[in-house]
Amino acid sequence: MGPGEVHLDGHSAESFVRKRYQTKHMDPGYELGDISRVQQQRIFYAALAQKLKTMGMSEITKIATTCYDQIGTSMSAGEMLGYAKEMQNISLDNVIIKSVPGQFCNYKGVSYYSIHKQDYVDLYNQYFNPYGTAITADGIKIRELHTAVGQKYEPSVANEGGSLSEINQENQ
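I will try to describe carefully the structure that is included in this document. Given the structure is predicted, the values throughout are model-derived calculations rather than measurements.

Cut-off values and rules
- Residues numbered from 1 in each chain as written.
- Predicted model: local features only at pLDDT ≥ 70, side-chain atom pairs only at ≥ 80, totals over all residues.
- Heavy atoms only, no water.
- Axes fitted to C-alpha atoms, helices over the stretch in contact; angles between N-to-C directions.
- Helix = DSSP H or I, 4+ residues; strand = E, 2+ residues; numbered from the N terminus.
- Left-handed = near helix turned anticlockwise from the far one by under 90°.
- Contact = heavy atoms within 4.5 Å.
- Nonpolar A, V, L, I, M, F, W, Y, C, P; charged D, E, K, R; others polar.
- Core = buried A, V, L, I, M, F, W, Y, C linked by side-chain atoms within 4.5 Å.
- Buried < 20%, exposed > 50% of the residue type's maximum accessible area, 1.4 Å probe, protein only.
- Pairing = 2+ DSSP bridges.
- Polar contact = N/O pair within 3.5 Å; in protein donor to acceptor, adjacent residues only side chain to side chain.
- Lys, Arg positive; Asp, Glu negative; His and termini not counted.
- Salt bridge = Lys/Arg side-chain N within 4 Å of Asp/Glu carboxyl O.

### With respect to the packing of helix α3 (residues 57–67) against helix α4 (residues 77–87)
Packed helices, taken two at a time, are described by the angle between their axes plus the distance between the axes.
Right, on to step 1. α4 packs onto α3 with a crossing angle of 145° between their chain directions and a minimal axis gap of 11 Å. With respect to the hand of their crossing, α3 and α4 are arranged in right-handed fashion. In this structure, α3 uses Met57, Ile60, Thr61 and Ala64 to contact α4, whose residues at the interface are Leu81, Ala84 and Lys85.
Right, on to step 2. When grouped by side-chain class, the residues that make up the contact of α3 with α4 number 5 nonpolar, 1 polar and 1 charged.

The structure is reproduced here in structure tokens:
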């Protein structure tokens, strides 16, 4: 491992992806709570994907069969391993992670994350729409909480991201 690299065991990996709030022992990147957690999860997923690409199928099979009883899924172990095998051939440049665009909202002392409907629709239509027919902001049942409580639109803090290889490069 080079400078700045950290090897996580299962417990520390779980702590890393679940952590929400800044503590004395964590870097200040957690000051945004859930948004920071999502940013850290991107880093984790990119590193995990990179690690899986360097592993052989026998090693992946051993891990999958060891962990299979600890997860809830409708997929069989064979189906999961089939996806793992296919993943070995996918370039991380072709795998992207995006977050739902929106902003923090505070109402009567309660924090919310208000989705930006039009930005969400644009993101969905560009990256995730398998049907070819674009959805519209009027056609979805999402309420923009920031407008409901009288807050103005603020630029999204969570719509960053990119390909897994870009995320890996940014964090090395």
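### Structural notes on the nonpolar core
Right, on to step 1. Within the largest apolar cluster, 5 residues are counted, these being Met55, Ile60, Ala64, Leu81 and Ala84.
Right, on to step 2. Listed by contribution, the elements that provide at least two residues to this core are α3 and α4.
Right, on to step 3. Among all residues touching Ile60, those that are not within four sequence positions of it are Leu52, Met55, Leu81, Ala84 and Gln88.

### Looking at the pairing of strand β3 (residues 110–115)
Where a strand is regular, its side chains alternate between the two sheet faces.
Right, on to step 1. As paired elements, strand β2 (residues 102–107) and β3 share 6 bridges and run antiparallel to each other. In the sheet register, Gln103 faces β3, and the bridge partner there is Ser114.
Right, on to step 2. Turn length for the β2-β3 hairpin, with the two strands adjacent in sequence and antiparallel, is 2 residues, and the turn residue Lys108 shows positive phi of about 55°.

### A few points about the environment of Gln103
Right, on to step 1. Structurally, Gln103 is set in strand β2.
Right, on to step 2. Apart from the residues lying within four places of it in its own chain, the contact partners of Gln103 are Tyr112, Tyr113, Ser114, His116, His146, Gln151, Lys152, Tyr153 and Glu154.
Right, on to step 3. Polar contacts involving the side chain of Gln103 include one to the main-chain carbonyl oxygen of Lys152, which spans 3.0 Å.
Right, on to step 4. From its side chain, Gln103 meets the backbone nitrogen of Glu154 in a polar contact 2.7 Å long.

### Points about the side chain of Lys117
Right, on to step 1. Along the polypeptide, Lys117 turns up in helix α5 (residues 117–128).
Right, on to step 2. Buried within the structure, Lys117 lacks any salt-bridge partner; Asp138 is the closest side chain of opposite charge, at an N-O distance of 5.5 Å.
Right, on to step 3. One polar contact links the side chain of Lys117 to the main-chain carbonyl oxygen of Ile142, over a distance of 3.3 Å.
Right, on to step 4. Leaving out residues up to four positions away in the same chain, Lys117 has contacts with Ala137, Ile140, Ile142 and Glu144.

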